[in-house]
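This is what each chain is made of:
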Amino acid sequence: MRQAGRYLPEYRALRARHGFLELCKTPALAAEVTLLPVKRLAVDAAILFADILLILEAMGVGLEFAKGGGPVIHRPVRGRADVEALVRVPASAAVPYVFETIRLVRARLAGKVPLIGFAGAPFTLASYIVEGRGSRNYVHTKMLMYGDPAAWHLLMERLAETTVEYVREQVAAGAEAVQLFDSWIGCLSPDDYRSYVLPHMRTTFAALARTGVPVMHFGTGTAALLELMREAGGDVIGLDWRVDLGAAWARLGADVAVQGNLDPVALFAPPGEIRRRVARVLEQAGGRPGHVFNLGHGVLPETPVAHVVAMVDAVHELSAR
Ligand code: CP3
């Protein structure tokens, strides 16, 4: 996650010349950014350079990545009429550049490492489309959810349909695994997850199971939701660093794979400490099949690149059979 992010100097050099959306919409550049971490870090998979919010642009809500301030939706959805006004555009017309990037990356990787595509999960997309930006308390999102549940469910259905179609097209273009980001799901209680999110996640994962590629299900702040996330679906459950990987895996069951879960802030520590923390995560996974080493969330912008390299090297060395 955030493999290229903003911590790689090569990425920052490109960003000095191009806007973020411009990078995403120019397949030759997006492909180049996708490949940067593979060359620089020697990671075992490439992550498509795109954003979970791109697909919202074609719904007519007005997407902008404001300088320094994060993403902004200019016409947020606040009620039923707004939900009904969302524009329907096939993914192939909404984000053709994403699929072109995938084709270019696959050609340039030539099978060296697999390419992971991704999309936002319906709740996390809804949180942006309703709040209009990132949020701390998700007040507008929960107002819609609690105040007009029918409109909420309609919105979630629309976003789930969009997500399924978008991911299918990514796989058709060449994505070899896909991750659904439910990054902000941790703001919900288990009861609310069950009522307002779980049914939509079930239909989403059931549809994605038919793509034939592994599907990762990721969220943060999910210690209270893990069993429900498992029930929702996914071949791999992503764990953040707030849970013990071993204990979380025991709760989820051995028949599902897990991904995680080094604290991204650990990458600011000296390399010796990074290595100890990598060893601790691997120890909790206990060498069992079905552990994908990863950070518990994305690489932060100021992270020293040498420390990311130290982490990747430590994982390779300590997990070598
Ligand atoms: O190489 C990569 O960075 C992987 C591609 C990727 C991006 N966004 C590029 C990006 C991925 C997998 C994402 C996912 C994403 N986008 C998520 C889910 C992951 C998570 O962090 O929980 C979310 C919530 C978003 C929405 C989003 N996009 C935010 C909140 C921001 C601003 C905050 C930030 O980290 O900068 C973005 C912008 C964004 N998306 C950047 C990148 C590289 C930074 C843009 C820049 O160059 O200024």
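Thresholds, definitions, all that
Residues numbered from 1 in each chain as written. Predicted model: local features only at pLDDT ≥ 70, side-chain atom pairs only at ≥ 80, totals over all residues. Heavy atoms only, no water. Patch = residues over 30% accessible without salt bridge, like charges linked within 9 Å, V, L, I, M, F, W, Y side chains within 5 Å. Areas by Shrake-Rupley, 256 points an atom, 1.4 Å probe, with all protein chains shown as cover. Salt bridge = Lys/Arg side-chain N within 4 Å of Asp/Glu carboxyl O. Buried < 20%, exposed > 50% of the residue type's maximum accessible area, 1.4 Å probe, protein only. Helix = DSSP H or I, 4+ residues; strand = E, 2+ residues; numbered from the N terminus. Pairing = 2+ DSSP bridges. Near = heavy atom within 4 Å. Polar contact = N/O pair within 3.5 Å; in protein donor to acceptor, adjacent residues only side chain to side chain. Nonpolar A, V, L, I, M, F, W, Y, C, P; charged D, E, K, R; others polar. Contact = heavy atoms within 4.5 Å. Phe/Tyr/Trp six-rings, centres within 6.5 Å; stacked < 30°, edge-to-face > 60°. Core = buried A, V, L, I, M, F, W, Y, C linked by side-chain atoms within 4.5 Å.

> Looking at this model, I keep getting lost on a nonpolar patch on the surface. Mind explaining?
A cluster of nonpolar side chains, contributed by Val-265, Phe-268 and Leu-300, occupies part of the molecular surface with about 230 Å² of accessible area. Its relative accessible area of 32% is what places Leu-300 among the partly exposed residues.

> In this structure, what is going on with the pairing of strand S6 (residues 215-219)? I would like to understand it.
Two faces make up the sheet, and in a regular strand the side chains alternate between them. Taken across its five residues, S6 has five buried, putting it largely inside the fold. On S6, burial covers both faces: Val-215, His-217 and Gly-219 on one face and Met-216 and Phe-218 on the other are all buried. With five bridges joining them, strand S5 (residues 177-182) and S6 adopt parallel strand pairing. Note that in S6 the partner of Val-178 across the bridge is Val-215. Of the pairings in the sheet, the one linking S6 to strand S7 (residues 236-238) comprises three bridges and is parallel in character. From the neighbouring strand, Phe-218 faces S7, where its bridge partner is Gly-238.

> What is the right way to read the site of the ligand from this model?
Arg-2, Tyr-11, Asp-51, Ser-183 and His-297 are the nearest of the 23 residues found near the ligand. In the environment of the ligand, an oxygen atom lies 2.5 Å from a nitrogen or oxygen atom belonging to the side chain of Ser-183. Those elements that place two or more of their residues in the shell around the ligand are helix H1 (9-17) and strand S3 (70-73). Here the shell around the ligand is composed, by residue class, of 14 nonpolar, five polar and four charged.

> Looking at this structure, I do not really get the pairing of S3. What am I missing?
Direction of pairing for strand S2 (residues 63-66) relative to S3: antiparallel, over a ladder of four bridges. By the bridge assignment, Leu-63 is partnered in S3 with Ile-73. Counting the residues in the hairpin turn of S2 and S3 gives three residues, including Gly-68, whose phi is positive at 75°.

> Sorry if this is basic, but what is going on with the side chain of His-217 here?
Structurally, His-217 can be placed in strand S6. Separated by 2.9 Å, the side chain of His-217 and the backbone oxygen of Gly-233 make a polar contact. Not counting chain neighbours up to four residues away, the residues in contact with His-217 comprise Leu-180, Tyr-193, Met-201, Phe-205, Met-229, Ala-232, Gly-233, Gly-234, Val-236, Ile-237 and Gly-238.

> Just to check I follow, could you spell out unusual backbone geometry for this structure?
Only a minority of non-glycine residues have a phi that is not negative, and only a minority of peptide bonds are not trans. For the bond running from Gly-260 to Asn-261, omega is -5°, close enough to zero to count as cis. For Asn-261, the location among the structural elements is in strand S8 (residues 257-262). Non-glycine residue Ala-42 carries a positive phi angle of around 60°. Secondary-structure assignment places Ala-42 in the loop between helix H3 (27-41) and strand S1 (46-47). Positive phi outside glycine occurs at Ala-110, with the angle close to 45°.

> Is there a simple way to explain the packing of aromatic side chains in this structure?
Two descriptors summarise a pair of aromatic rings, namely the distance from one centre to the other and the angle between the planes of the rings. Summed over the entire model, instances satisfying the criterion amount to eight aromatic pairs. Members of the aromatic cluster, each reached through a chain of ring pairs, are Tyr-11, Phe-20, Phe-49 and Phe-65.

> Would you explain the nonpolar core in this entry?
One broad rule of soluble globular proteins: the nonpolar side chains tend to lie buried together. If you look at the biggest cluster of nonpolar residues, it comprises 121 residues, and the most contacted ones within it are Leu-56, Ile-129, Leu-155, Tyr-193 and Met-311. Excluding residues that lie within four positions of it along the chain, Leu-56 makes contacts with Val-61, Ile-73, Leu-125, Ile-129 and Leu-159.

> For this particular structure, what's the right way to read the pattern of salt bridges?
A side chain with one charge can pair with a side chain of the opposite charge if their charged atoms come near. Scanning all chains against the criterion turns up 15 salt bridges. The salt bridge partner of Glu-84 is Arg-80, with a shortest N-O separation of 3.0 Å. Pair noted here: Glu-84 and Arg-80 are both in helix H5 (residues 80-85), with a separation of four residues, about one helical turn. Two residues, Glu-273 and Arg-276, come together in a salt bridge whose shortest N-O distance is 3.1 Å. One end of the pair, Glu-273, and the other, Arg-276, are both in helix H14 (residues 271-285), three residues apart, so they sit about a helical turn from each other. For Glu-273, a relative accessible area of 22% puts it in the partly exposed group.

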